[in-house]
Number of protein chains: 2
Amino acid sequence: MADSNALEGLTQALRKLPGVGVKSAARMAFHLLQHDKPGALQIARALEHAVNSVGHCTLCNTLTEQAICVTCLNLQRDRSKLCVVETPADQAALERTLAYRGLYFVLMGKLSPLDGVGPNEIGLQKLFDRVLPKDERGALLPTTAREVQEVILATNFTAEGEATAHVIAQALKSRGVQVTRLARGVPVGSELEYVDLGTIAHALVDRR
Amino acid sequence: MADSNALEGLTQALRKLPGVGVKSAARMAFHLLQHDKPGALQIARALEHAVNSVGHCTLCNTLTEQAICVTCLNLQRDRSKLCVVETPADQAALERTLAYRGLYFVLMGKLSPLDGVGPNEIGLQKLFDRVLPKDERGALLPTTAREVQEVILATNFTAEGEATAHVIAQALKSRGVQVTRLARGVPVGSELEYVDLGTIAHALVDRR
């Protein structure tokens with residue numbers, strides 16, 4: 001190893017990046033210092049700027065530099081529908097379909113008890129406050145007076161995403177909110193022979 | 001995508017890291033801003049500190065904060081042997097064996113004409129100046145007056161590493177320097193059945 005505390009410190013710091021181990025971190029540090037010092041400074045400045053300026057949208061909880069994000073401010077969108085996703089990347093995937101014109105709520109995570117992620121670590125209470133507004137005396141507004149009429153659960157179809165969807169559905173359905181889930185079924189372009197059994201079973205049950 | 005120029009800028013900047021594409025960069029940016037803002041600032045500070053303080057060792061060309069690195073300053077080491085490696089990581093691998101007590105020269109790269117890396121991009125001239133010192137009138141010192149008596153080529157056994165070793169060997173042998181190469185052969189612990197033909201052929205030719 002080159003004898004440099006600065007290099008060692010940089011390697012240690014780069015391991016904070018998700019998916020980067022000690023060998024990758026060392027390779028990144030060498031690459032930046034040997035071949036791309038301007039790039040290294042660009043990353044440093046971008047990190048500081050983002051940390052100091054990026055916060056959460058008051059309405060949908062996504063990362064934004066404004067108090068309310070551009071999507072939530074868009075008056076063209078259907079404000080009666082709220083699509084719940086885990087991350088901004090999931091929201092971006094839905095946006096690319098051009099098939100949805102409602103609003104979003106970004107949990108910024110998923111329930112994961114084994115990792116210590118409970119309802120308070122992700123934006124569940126903020127979601128409930130948004131969907132179930134109260135009047136000035138703290139009583140729930142009646143269903144007809146609420147802005148959000150339908151909550152579409154678009155968390156991932158993993159164990160943790162399903163559990164997160166289940167918890168949200170339980171809490172909202174009992175208070176008269178219409179809750180739907182993205183359809184499970186056979187992916188477009190796939191051959192049945194190669195689709196897993198659980199997916200085919202769901203596609204059969206949900207046939208239309 | 002969350003609407004944030006700072007986030008977008010950070011994602012773009014993180015793509016400067018080797019092996020990081022647009023999806024990895026976005027995941028890294030979200031992770032740092034959502035879960036680890038102190039880690040993000042630590043990376044930013046480590047980058048700036050390293051860029052401002054790390055340079056090349058005058059003698060061996062490795063990355064260091066001092067003018068001459070700790071390895072080159074170590075008087076316990078055999079100064080008549082010089083082991084040429086591509087990167088500090090390769091040097092670290094050799095050091096872990098505890099089998100070598102000479103000095104190193106770190107090329108910080110390898111010849112790679114297709115990528116535009118020629119002799120001037122890696123430290124070849126610095127290596128030649130080190131191995132072949134001149135007197136005050138610019139004439140080569142005779143072999144017996146030189147500090148480095150043996151150059152051990154430990155570049156990687158890839159096409160580019162072999163080419164780099166070949167170029168160095170050609171230049172030095174013609175000026176009376178003893179040049180050796182790490183032995184090729186069957187790796188320790190491996191079964192012949194699974195070793196590739198080229199390796200077995202080299203192990204046969206170099207048998208001892």
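Now for a description of the structure that goes with this document.

1. Observations concerning the pattern of salt bridges
Here the idea is simple: oppositely charged side chains can pair when their charged atoms come close.
Then comes step 1: Across all of its chains, the model carries ten salt bridges over all chains by this definition.
Then comes step 2: The shortest N-O distance in the salt bridge between A:E162 and A:R181 comes to 3.3 Å. Taken together, the residues span a long stretch of sequence, with A:E162 in helix α7 (residues 159-173) and A:R181 in strand β6 (residues 178-181) at a distance of 19 residues.
Then comes step 3: Since its relative accessible area comes to 22%, A:R181 is described here as partly exposed.
Then comes step 4: Across the pair B:R79 and B:E147 runs a salt bridge, and its minimum N-O distance is 3.6 Å. Here B:R79 is found in strand β3 (residues 78-85), whereas its partner B:E147 is found in the loop between α6 (124-131) and β5 (150-153), with 68 residues between them in sequence.
Then comes step 5: We classify B:R79 as partly exposed; its relative accessible area is 24%.

2. Description of the packing of aromatic side chains
All names here are of chain A.
Then comes step 1: Under the criterion given, the structure shown has two aromatic pairs over all chains.
Then comes step 2: Ring centres 5.2 Å apart and planes at 70 degrees place the aromatic pair Y100 and Y104 in the edge-to-face group.
Then comes step 3: Geometry around F157 places R181 over its ring, the cationic atom sitting 4.1 Å from the centre.

3. Focus: the interface of chain A and chain B
Then comes step 1: Taken together, the 51 residues of chain A in the interface contact 51 residues of chain B.
Then comes step 2: For the pair chain A and chain B, the summed buried area comes to about 4800 Å², and 68% of that belongs to carbon and sulfur atoms.
Then comes step 3: Between the two partners, chain A and chain B, sit zero salt bridges.
Then comes step 4: There are ten residue pairs in polar contact (both at pLDDT 80 or more) connecting chain A and chain B.
Then comes step 5: Within the residue set of the side of chain A that touches chain B, elements represented by two or more residues are α1 (5-14), α2 (22-35), α3 (37-53), β2 (63-64) and α5 (88-96) of chain A.
Then comes step 6: The leading source of residues in the side of chain A that touches chain B is α3(A), at 14 residues.
Then comes step 7: Of the residues that constitute the side of chain A that touches chain B, the class distribution is 30 nonpolar, 14 polar and seven charged.

4. Topic: α5(A)
Then comes step 1: All of the buried residues in α5(A) are A:P88, A:D90, A:Q91, A:A92 and A:L94.
Then comes step 2: Once α5(A) finishes, A:L98 follows within two positions and takes phi at roughly 60 degrees, a positive value.

5. Structural notes on the packing of α6(B) against helix α7 (residues 159-173) of chain B
Residues and elements named next belong to chain B.
Then comes step 1: Packing of α6 against α7 leaves a shortest axis separation of 11 Å and a crossing angle of 30 degrees. The angle between α6 and α7 places the two elements in the roughly parallel class. At the point where α6 passes α7, the crossing takes the right-handed sense. From α6, L124, L127, F128 and V131 reach across to α7, where they touch V167, I168, A171 and L172.
Then comes step 2: Its residues placed into classes, the contact of α6 with α7 shows eight nonpolar, no polar and no charged.

6. Considerations on the relation of the copies chain A and chain B
Then comes step 1: Overlaying chain A with chain B gives an RMSD of 0.1 Å, the required rotation being 180 degrees about an axis along which the chain moves by 0.0 Å. Taken together, these values place the two copies in the relation of a two-fold axis. In terms of proximity to the rotation axis, the leading residue of chain A is A:A44, whose C-alpha is 2.0 Å off the axis.
Then comes step 2: Of the residues that chain A buries at the interface, 100% are likewise interface residues in chain B, meaning the two copies contact each other through the same surface.

7. Structural notes on the environment of A:D206
Residue and element names in this part refer to chain A.
Then comes step 1: As for its position among the elements, D206 is in the segment after α8 (197-205).
Then comes step 2: Relative accessible area serves as the criterion here: at 40%, D206 is assigned to the partly exposed category.
Then comes step 3: Measuring from C-alpha to C-alpha, the distance between D206 and R45 comes to 50 Å, with 161 residues separating the pair along the chain.

Reading guide: rules and limits
- Residues numbered from 1 in each chain as written.
- Chains lettered and ligands numbered in written order.
- Predicted model: local features only at pLDDT ≥ 70, side-chain atom pairs only at ≥ 80, totals over all residues.
- Heavy atoms only, no water.
- Salt bridge = Lys/Arg side-chain N within 4 Å of Asp/Glu carboxyl O.
- Helix = DSSP H or I, 4+ residues; strand = E, 2+ residues; numbered from the N terminus.
- Buried < 20%, exposed > 50% of the residue type's maximum accessible area, 1.4 Å probe, protein only.
- Phe/Tyr/Trp six-rings, centres within 6.5 Å; stacked < 30°, edge-to-face > 60°.
- Lys NZ or Arg CZ within 6 Å of the ring centre and 35° of its normal.
- Contact = heavy atoms within 4.5 Å.
- Buried area = accessible area lost by both parts, 1.4 Å probe.
- Polar contact = N/O pair within 3.5 Å; in protein donor to acceptor, adjacent residues only side chain to side chain.
- Nonpolar A, V, L, I, M, F, W, Y, C, P; charged D, E, K, R; others polar.
- Axes fitted to C-alpha atoms, helices over the stretch in contact; angles between N-to-C directions.
- Parallel < 35°, antiparallel > 145°, perpendicular 65-115°, else oblique.
- Left-handed = near helix turned anticlockwise from the far one by under 90°.
- Least-squares fit on C-alpha atoms with pLDDT ≥ 70 in both.

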